[in-house]
Amino acid sequence: MDLIFTSYRQQSSLRKSPDWLQEGHSICTVSSQNTLLFTSSTLLTGGEQPQASWGSHVYCLDLNTPWDACLVTSLESAATCLAWDSSGNRFVCGDSSGLVTVWEMDDYSVGNWRQLTSVRHSQESFLSGSFFLTSRPVSLHADLKESSLYTEKFSSGGEQPWSRSPLEGCVLVSATGLLVTIAFPPEQEPQIKATSLGLGRRRIVHADTATTKDGQFMVAACGLEAPVVVYTVSAGIDGEGWLDVRVNTHSSFSLMGEDPGRVCELKFLLSDSTEALVVGVAGPEGGRVQMWDLEQKTRGVH
């Protein structure tokens, strides 16, 4: 890979700042419109000293003009998850204090944003978030990847019929097993509903979300040593116009071996059209990467 551009704070302020201000945790995500969201612990522009602007600042830029980063919002606590929707016009941000905000691009400009809704769940730290998939997934044909025709090189939906979510919205998972769903019904105000991930609340260290090949929204979560549990989330508007969220346990598995180690990372292989999980494990013999694939078998029940 080639380095395209690097964003720096003001060099004069860096020389006068302590080392702990020059490093910090940052997260980023890229949208389908080739725009990048990233966080910074201090402001990138302005005459203020880094100590005065210390916090969590969310920036957005177009990858075609990476030198023009625009400030979207400044948070009081560190941002822990960022996620774009499938169109690249909205994103959701969750932080370590329990604040969730959803932003929408105004006038198709990365410098103009408006906040659609916000909700705070005190003492919650959100680990992962994602929007419901409303577009068809596009995959690469491995046998025809050298073709010059777009219709042959790529396909949407695959051989099986693909269904999309009837509701626009997003889902976030916190470290205590709280699942927050934000829906945007057409011609209505946003609706927010919080529920438990599973039958009871438990401590979660790693979580990730994805959409399967049949359009089902899934959440995978685990602790350091607990089994990896996969849930399905279904959301819709009931007959009275209220948001209805249903969470069901889909499957689970445990790490194999006498000393399986502890889970240090959990990710779906792809965010859409996937049924595989990648698990990073740290054990006595070192780090290992495991991939688990979902298999469906029909069994008779008497």
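Quick note: structure is the one above.
One structure accompanies this document, and this report is about it.

Rules and cut-offs
- Residues numbered from 1 in each chain as written.
- Predicted model: local features only at pLDDT ≥ 70, side-chain atom pairs only at ≥ 80, totals over all residues.
- Heavy atoms only, no water.
- Core = buried A, V, L, I, M, F, W, Y, C linked by side-chain atoms within 4.5 Å.
- Buried < 20%, exposed > 50% of the residue type's maximum accessible area, 1.4 Å probe, protein only.
- Helix = DSSP H or I, 4+ residues; strand = E, 2+ residues; numbered from the N terminus.
- Contact = heavy atoms within 4.5 Å.
- Phe/Tyr/Trp six-rings, centres within 6.5 Å; stacked < 30°, edge-to-face > 60°.
- Pairing = 2+ DSSP bridges.
- Axes fitted to C-alpha atoms, helices over the stretch in contact; angles between N-to-C directions.
- Patch = residues over 30% accessible without salt bridge, like charges linked within 9 Å, V, L, I, M, F, W, Y side chains within 5 Å.
- Areas by Shrake-Rupley, 256 points an atom, 1.4 Å probe, with all protein chains shown as cover.
- Salt bridge = Lys/Arg side-chain N within 4 Å of Asp/Glu carboxyl O.
- Disulfide = S-S within 2.5 Å.

**Details of the nonpolar core**
Nonpolar side chains tend toward joint burial in soluble globular proteins.
Then, in step 1: Counting residues in hydrophobic clusters, the biggest one holds 18 residues, and the most contacted among them are V173, L179, L197, V219 and V233.
Then, in step 2: Mapped by element, the contributors of at least two residues to this core are β12 (169-174), β13 (178-183), β16 (217-222), β17 (228-237) and β18 (243-253).
Then, in step 3: Among the elements that take part in this core, β17 stands out by supplying four residues, more than any other.
Then, in step 4: Discounting chain neighbours no more than four positions away, the residues touching V173 are F126, L127, S128, L178, L179, L197, I204, A207 and V219.
Then, in step 5: One finds L37, A79, L99 and V110 within the second-largest nonpolar core, a separate group that totals 17 residues.

**Details of the packing of aromatic side chains**
Then, in step 1: Here the structure, examined in full by the defined rule, presents six aromatic pairs.
Then, in step 2: Relative to W292, the ring of F253 has its centre 4.1 Å away and its plane inclined at 20°; by these criteria the two rings are stacked. One end of the pair, F253, is in strand β18; the other, W292, is in strand β21 (residues 286-293), and 39 residues separate them in sequence.
Then, in step 3: Here the aromatic cluster, defined as three or more aromatic residues joined through ring pairs, consists of W84, F91 and W113.

**Some words on the environment of F5**
Then, in step 1: The topology assignment puts F5 in the segment before α1 (11-16).
Then, in step 2: Between the alpha carbons of F5 and W67 there is a distance of 7.2 Å; along the sequence they are 62 residues apart.

**A closer look at the sheet that holds β18**
Then, in step 1: Strand order in the open sheet made by the four strands is β15-β16-β17-β18, with antiparallel pairing throughout. Both outer strands of the open sheet, β15 (206-211) and β18, are each paired with one neighbouring strand and no more. The average angle at which neighbouring strand axes cross in this sheet is 25°, direction not considered.

**Looking at a nonpolar patch on the surface**
Then, in step 1: Taken together, the side chains of I4, F5 and W67 make up a nonpolar region of the molecular surface, amounting to roughly 400 Å² of accessible area.
Then, in step 2: Within the secondary structure layout, W67 lies in the loop between β3 (56-62) and β4 (70-75).

**Some words on the state of the cysteines**
Then, in step 1: Counted by the stated rule, this structure contains zero disulfides.
Then, in step 2: Looking at C222, it has no disulfide partner, and the nearest cysteine sulfur is the one in C264, 9.7 Å off.
Then, in step 3: Accessibility expressed as a relative area gives 0% for C222, which makes it buried.

**Describing the pattern of salt bridges**
Once their charged atoms are close, side chains differing in charge can pair, the charge on each being opposite to the other.
Then, in step 1: Within the structure shown, the criterion is met by five salt bridges.
Then, in step 2: Across the salt bridge formed by R90 and E104, the nearest N and O atoms sit 3.1 Å from each other. Of this pair, R90 sits in strand β6 (residues 90-95) while E104 sits in strand β7 (residues 99-106), placing them 14 residues apart in sequence. Neither residue differs from the other here; R90 and E104 are each classed as buried.
Then, in step 3: E124 is paired through a salt bridge with R201; the nearest N and O atoms lie 2.8 Å apart. In this pair, E124 sits in the loop between β8 (109-120) and β9 (126-131) while R201 sits in the loop between β14 (191-196) and β15, placing the two residues 77 residues apart along the sequence.

**So, the pairing of β17**
Then, in step 1: In terms of burial, β17 is a largely internal element, seven of the 10 residues being buried.
Then, in step 2: In this sheet, β17 lies alongside β16 in antiparallel orientation, the contact comprising five bridges. Counterpart to F217 in the pairing with β17 is V233.
Then, in step 3: Hairpin connection of β16 to β17: five residues between the antiparallel strands.
Then, in step 4: Taken together, the 10 bridges between β17 and β18 define a ladder with antiparallel strand orientation.

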